[in-house]
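Topology and contacts: notes
Each chain, written out:
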Amino acid sequence: EPEVTQTPSHQVTQMGQEVILRCVPISNHLYFYWYRQILGQKVEFLVSFYNNEISEKSEIFDDQFSVERPDGSNFTLKIRSTKLEDSAMYFCASRGDPGYGEQYFGPGTRLTVT
Amino acid sequence: GQQVMQIPQYQHVQEGEDFTTYCNSSTTLSNIQWYKQRPGGHPVFLIQLVKSGEVKKQKRLTFQFGEAKKNSSLHITATQTTDVGTYFCAGQGSSGSARQLTFGSGTQLTVLP
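Residues numbered from 1 in each chain as written. Chains lettered and ligands numbered in written order. Predicted model: local features only at pLDDT ≥ 70, side-chain atom pairs only at ≥ 80, totals over all residues. Heavy atoms only, no water.

Side note on the overall build of chain B
Of the regular secondary structure elements, chain B holds zero helices and eleven strands. Beginning at the N terminus, the succession of helices and strands in chain B can be written as β-β-β-β-β-β-β-β-β-β-β. Against the compact-globule benchmark of 13 Å for 113 residues, chain B has a radius of gyration of 14 Å, which places it among compact chains. Structurally, chain B occupies a C-alpha span of about 45 × 30 × 20 Å along its principal axes. (Helix = DSSP H or I, 4+ residues; strand = E, 2+ residues; numbered from the N terminus. Rg over C-alpha atoms; globule rule 2.2 N^0.38 Å.)

Next comes the structure, spelled out in structure tokens:
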């Protein structure tokens, strides 16, 4: 069964450093998402991406964040200057249906900012 | 903005007992989805409800969407240890920023053998 993959599984970085989290969505999906989940808390929407542009973003997704689909398969989330409070699990998700529908989540990248 | 509340936060049950989690949105939803997250895992889609008053069943799981499309519930009959995890509802509005999936805080289910 096709699945969303994410790398790395765990990233440790120092405050102020840039990080790039990578995702490979399911190959025929067109809608891509990033979420974050602080330990023990709910899943929070960051951004959605369709047709090579951001379609929606949350208040969390400020100027420190950016997303890119550099080629036909990868979808990346960049945090320019990490803060301690950016420590969380970051999930990528993709969806194939054009309307509302199931989102397939990747296994996540645990980001630890020290 | 859209808010989705979910109760209870935690639920411990003996294996074989029933379990219910409730979800309430501050705004009318276009649809609601339910996800399960195992400890250390990622959210896995369970079901989507779209119609007012809709009821769907998956084996021992029953999902309901309220008539006003603002609340939903998940009921598990005769829980098993494999049901352990956190159950999230996620609501989606119909326009603008409300189209994003807004997750509830989740109900963490523990099933005692």
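Okay, back to it.
Details of the overall build of chain A
Tallying secondary structure elements over chain A gives zero helices and eleven strands in all. Along chain A, helices and strands appear, N-terminal first, in the series β-β-β-β-β-β-β-β-β-β-β. For chain A, the C-alpha radius of gyration of 13 Å lies close to 13 Å, the compact-globule estimate for 114 residues. Counting only C-alpha atoms, chain A reaches 40 × 30 × 25 Å along its principal axes. Taken over 114 residues, chain A has a buried fraction of 45%. (Buried < 20%, exposed > 50% of the residue type's maximum accessible area, 1.4 Å probe, protein only.)

A word on the pattern of salt bridges
All names here are of chain A. Scanning the entire structure with this criterion turns up three salt bridges over all chains. Residue Arg36 pairs with Glu44 through a salt bridge whose shortest N-O separation is 3.0 Å. For Glu44, a relative accessible area of 21% corresponds to the partly exposed category. (Salt bridge = Lys/Arg side-chain N within 4 Å of Asp/Glu carboxyl O.)

Points about the interface of chain B and chain A
Counting residues at the interface gives 22 residues for chain B, matched by 17 residues for chain A. Note on chain B versus chain A: buried area summed over both sides is about 1600 Å², and carbon and sulfur give 53% of it. Area buried by chain B at its contact with chain A is led by His42, Gln100 and Phe103 of chain B, which between them contribute 29% of it. Between chain B and chain A we count zero salt bridges in total. The interface formed by chain B and chain A includes five residue pairs in polar contact (both at pLDDT 80 or more). (Contact = heavy atoms within 4.5 Å. Buried area = accessible area lost by both parts, 1.4 Å probe. Polar contact = N/O pair within 3.5 Å; in protein donor to acceptor, adjacent residues only side chain to side chain.)

Focus: the sheet that holds strand β3 (residues 19-24) of chain A
Residues and elements named next belong to chain A. Taken together, four strands build an open sheet; the order of strands is β1-β3-β8-β7 and the sheet is antiparallel. Lying at the two open borders of the sheet, with one neighbouring strand each, are β1 (5-7) and β7 (65-68). On average, each strand axis in the sheet is tilted by 20° relative to the strand beside it, whichever way the strands run. Here β1 runs beside β3; their pairing, made up of three bridges, is antiparallel. Its bridge partner lying in β3, Thr7 is registered against Arg22. (Pairing = 2+ DSSP bridges. Axes fitted to C-alpha atoms, helices over the stretch in contact; angles between N-to-C directions.)

Overview of the nonpolar core
Soluble, globular proteins show a tendency: their nonpolar side chains are buried together. If you look at the biggest cluster of nonpolar residues, it comprises 21 residues, and the most contacted ones within it are Trp34, Leu46, Phe61, Val67, Phe75, Leu77 and Tyr90 of chain A. Of all the secondary-structure elements, those providing two or more residues to this core are β3, β4 (31-37), β5 (43-50), β7, β8 (75-79), β9 (88-95) and β11 (109-113) of chain A. Not counting chain neighbours up to four residues away, the residues in contact with Leu77 of chain A comprise Val19, Ile20, Leu21, Trp34, Leu46, Phe61, Phe65, Ser66, Val67 and Tyr90 of chain A. Core analysis: the next-biggest nonpolar cluster, separate from the first, contains 19 residues, Val13, Trp34, Ile47 and Phe65 of chain B among them. (Core = buried A, V, L, I, M, F, W, Y, C linked by side-chain atoms within 4.5 Å.)

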